[in-house]
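Single-letter residue listing:
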Amino acid sequence: MNKPPRIEEVTATPPATLTIRWSTGETLTADIGDWINRFALLAPLRDASVFSGARVGWYGHSVEWGEGVELGADELYSRCRAQAGEPSPAEFDAWMRANNLSLASAAEAIGMSRRMVANYRTGSKPIPRHVWLACIGWETIKGRRAA
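Residues numbered from 1 in each chain as written. Predicted model: local features only at pLDDT ≥ 70, side-chain atom pairs only at ≥ 80, totals over all residues. Heavy atoms only, no water.

Asker: Would you take a moment to explain the pattern of salt bridges for this structure?
Answerer: Side-chain pairs of opposite charge can arise whenever the charged atoms involved come near each other. All told, the structure shown has nine salt bridges when counted by the stated rule. The salt bridge involving Glu64 is made with Arg55; its shortest N-O contact spans 3.3 Å. Residue Glu64 is classed as partly exposed on the basis of its relative accessible area of 23%. Here the residues in one salt-bridge network are Glu8, Glu9 and Arg21, joined through shared partners. (Salt bridge = Lys/Arg side-chain N within 4 Å of Asp/Glu carboxyl O. Buried < 20%, exposed > 50% of the residue type's maximum accessible area, 1.4 Å probe, protein only.)

Asker: I would appreciate a short explanation of the side chain of Asn99 in the present structure.
Answerer: In this structure, Asn99 sits in the loop between α4 (89-98) and α5 (103-110). Polar contacts involving the side chain of Asn99 include one to the side chain of Glu139, which spans 2.8 Å. Residues contacting Asn99, with those up to four places away along its chain left out, are Trp138, Glu139 and Lys142. (Helix = DSSP H or I, 4+ residues; strand = E, 2+ residues; numbered from the N terminus. Polar contact = N/O pair within 3.5 Å; in protein donor to acceptor, adjacent residues only side chain to side chain. Contact = heavy atoms within 4.5 Å.)

Asker: How should the layout of surface pockets be read in this particular structure?
Answerer: Over the atoms, a rolling probe the size of a water molecule traces out where space has been left empty. Empty space within the largest pocket amounts to approximately 170 Å³. Forming the boundary of the largest pocket are Pro4, Pro5, Asp74, Glu75, Tyr77, Ser78, Pro89, Ala90, Arg121 and Thr122. Every element with two or more residues in the lining of the largest pocket is listed here: α3 (73-83), α4 and α6 (114-122). A total of four residues in the lining of the largest pocket trace back to one element, the largest contributor, which is α3. Looking at side-chain class alone, the lining of the largest pocket contains five nonpolar, two polar and three charged residues. (1 Å grid on protein atoms, 1.4 Å probe; cavity = no way out; pocket = protein on both sides within 12 Å on 5 of 7 lines; lining within 4 Å. Points joined across faces, edges and corners; volume = space filled by probe spheres on them. Nonpolar A, V, L, I, M, F, W, Y, C, P; charged D, E, K, R; others polar.)

Asker: Whenever I open this one, the sheet that holds strand β3 (residues 27-31) confuses me. Can you help?
Answerer: Across a sheet, paired strands are connected by hydrogen bonds in the backbone, their directions being either parallel or antiparallel. Overall, antiparallel pairing links the three strands, which are arranged β1-β2-β3 in an open sheet. Every interior strand has two partners, whereas the edge strands, β1 (7-13) and β3, have only one. Taking each pair of neighbouring strands and ignoring which way they run, the sheet shows an average axis angle of 20°. Both strand β2 (residues 17-22) and β3 contribute to a ladder of five bridges, which runs antiparallel. Bridge pairing in β3 places Arg21 opposite Thr27. Running at roughly 95° to β3, α3 makes contact with β1, β2 and β3 of the sheet. (Pairing = 2+ DSSP bridges. Axes fitted to C-alpha atoms, helices over the stretch in contact; angles between N-to-C directions.)

Given below as structure tokens:
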């Protein structure tokens with residue numbers, strides 16, 4: 001079974017930037033300022049000394065600050081990828097669902113193994129830009145044929 005990426009290391013830079021090294025080998029940055037301002041639970045993170053105390057949570061499944069404040073790795077990974085301009089596992093999954101594709105049919109559509117499609121869908125492997133472009137291209141060609 002494929003596992004979503006885990007957080008291996010986190011560095012917090014006030015006011016709201018997290019630099020995270022992931023189990024995928026990527027090091028990505030996330031600005032979470034909008035979350036801190038929007039969600040009351042994250043209000044303690046407005047204090048720079050609290051925010052700076054970020055640490056890797058249980059088995060790398062979150063970033064935590066103590067006092068019951070934590071953010072899940074899956075949401076952080078999606079945010080990091082989106083802010084870096086890269087596709088996220090959630091976007092890949094949405095592409096499959098929008099096109100009614102199983103793992104096998106998605107693999108056939110973009111010319112890769114079922115296992116790699118599963119890895120991209122769960123986030124256990126980062127989605128290369130050329131794979132995401134293949135997804136967009138396949139969907140575009142499919143739309144032209146239907147018209």
